[in-house]
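# Topology and contacts: notes
If you want the building blocks of each chain, they are given just below.
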Amino acid sequence: MTNDFNQLLPTLERIAEALERMAPPAHKTNDLAAADAFVWQAESGYLQPVRNVNRIDIDLLQGIEQQKTILYNNTKRFANGLPANNALLWGARGTGKSSIVKAMHAKINTEKAGALALVEIHREDIPTLPHLLHILEESGRKTVLFCDDLSFDLQDESYKSLKAVLEGGIEGRPNNVIFYATSNRRHLMARDMIENERSTAINPSEAVEEKVSLSDRFGLWLGFHNISQDVYFEIIEGYAKEFGLDVPIEDLRARAKEWTVTRGSRSGRVAWQFIQELAGEMGKKLG
């Protein structure tokens, strides 16, 4: 009998291992105290902690002083438990919209450790917002919910979920959550989307109002625009000083200007890409 069991044992072990592989993974518990930043994994309903956030120091963001002041005051009030507005940061690409959100979160937490959590939700996961908000509300931790590059196209109905969450739904936005979004579009909708609604609706003005009213749910609008050459040089020089890139200022400016020609644009993002190129050539690490 013992010999028969010993012969069967390897087979039983393989069956057990196969069943274990087929079993669904153990459910992960969300812990908002595990980190200061998270990415929402919609399929699993899990907030993935982010230990090292990809961000730039707030003082290195040049040419957007007014936007920094306004967003800081709004975020600080929220962190202190005072009324604050959802914010829509809109404008040209590469002008610092997402960078300022991440930098502001770091600044607030530097002033008071653990004051705010930052949770990023991807645009395609907007329909899962109610589930995410329920998790954040239960945690009780003050949270900046962040969606980068938010916009909606034709036949996309998920904007209605966002609109209800921001203001119009029965539950609305929890008191411990504020929503910040960036977009290249001021009204979050493509112009042809709004025009299509106008042309096909029984009451065109009401249909367009339905679309535009989404951006109205954001109490704070901050515009970001293309920068001047002088501001571009200020950004380049600030980065060079911060990271110890010792290049004569005339040469630095000449090379930075040439870089904008190859890129066809001038922005904070282009400035950062130039600094990465320069640092790589000089054999220096950033950060």
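Predicted, not measured: the structure shown is a model, and the values here were computed from it. (Residues numbered from 1 in each chain as written. Predicted model: local features only at pLDDT ≥ 70, side-chain atom pairs only at ≥ 80, totals over all residues. Heavy atoms only, no water.)

### Quick look at the overall build of the protein chain
The number of helices and strands found in the protein chain is 10 helices and seven strands. Here the protein chain holds 287 residues, and the buried ones make up 41% of them. Within the structure as shown, the protein chain displays about 16,200 Å² of accessible surface, and the carbon and sulfur contribution to it stands at 48%. (Helix = DSSP H or I, 4+ residues; strand = E, 2+ residues; numbered from the N terminus. Buried < 20%, exposed > 50% of the residue type's maximum accessible area, 1.4 Å probe, protein only. Areas by Shrake-Rupley, 256 points an atom, 1.4 Å probe, with all protein chains shown as cover.)

### Section: the confidence of the model for the protein chain
In this model, the protein chain carries an average pLDDT of 84, and 81% of its residues clear a pLDDT of 70 or more. The least confident element of the protein chain is helix α6 (residues 191-200), whose mean pLDDT is 50; the most confident is strand β4 (residues 117-120), at 98. (pLDDT = per-residue confidence, 0-100.)

### Comments concerning the pairing of strand β2 (residues 46-49)
Across four bridges, strand β1 (residues 37-41) lies against β2 in antiparallel orientation. Bridge pairing in β2 places W40 opposite L47. Here β1 folds back onto β2, and the loop between the two strands holds four residues, one of which, G45, carries a positive phi near 65 degrees. (Pairing = 2+ DSSP bridges.)

### Thoughts on the pattern of salt bridges
If you walk through the whole model with that rule in mind, you get six salt bridges. Between D36 and R141 there is a salt bridge, and its shortest N-O distance comes to 2.5 Å. Pair noted here: D36 is in the loop between α1 (2-22) and β1 and R141 is in the loop between α4 (129-139) and β5 (143-147), with a separation of 105 residues, a long-range link. It is possible to trace a salt-bridge network through shared partners that takes in K76, K107 and E111. (Salt bridge = Lys/Arg side-chain N within 4 Å of Asp/Glu carboxyl O.)

### Things to note about the nonpolar core
If you look at soluble globular proteins, the nonpolar side chains tend to sit buried side by side. Counting residues in hydrophobic clusters, the biggest one holds 45 residues, and the most contacted among them are L71, I100 and Y232. Considering each element in turn, this core owes the most residues, seven residues, to helix α8 (residues 229-242). Once residues lying within four places of it in the same chain are set aside, the contact partners of L71 are A87, L89, I100, V101, M104, Y180 and L222. One finds I126, I135, L136 and L188 within the second-largest nonpolar core, a separate group that totals 29 residues. (Core = buried A, V, L, I, M, F, W, Y, C linked by side-chain atoms within 4.5 Å. Contact = heavy atoms within 4.5 Å.)

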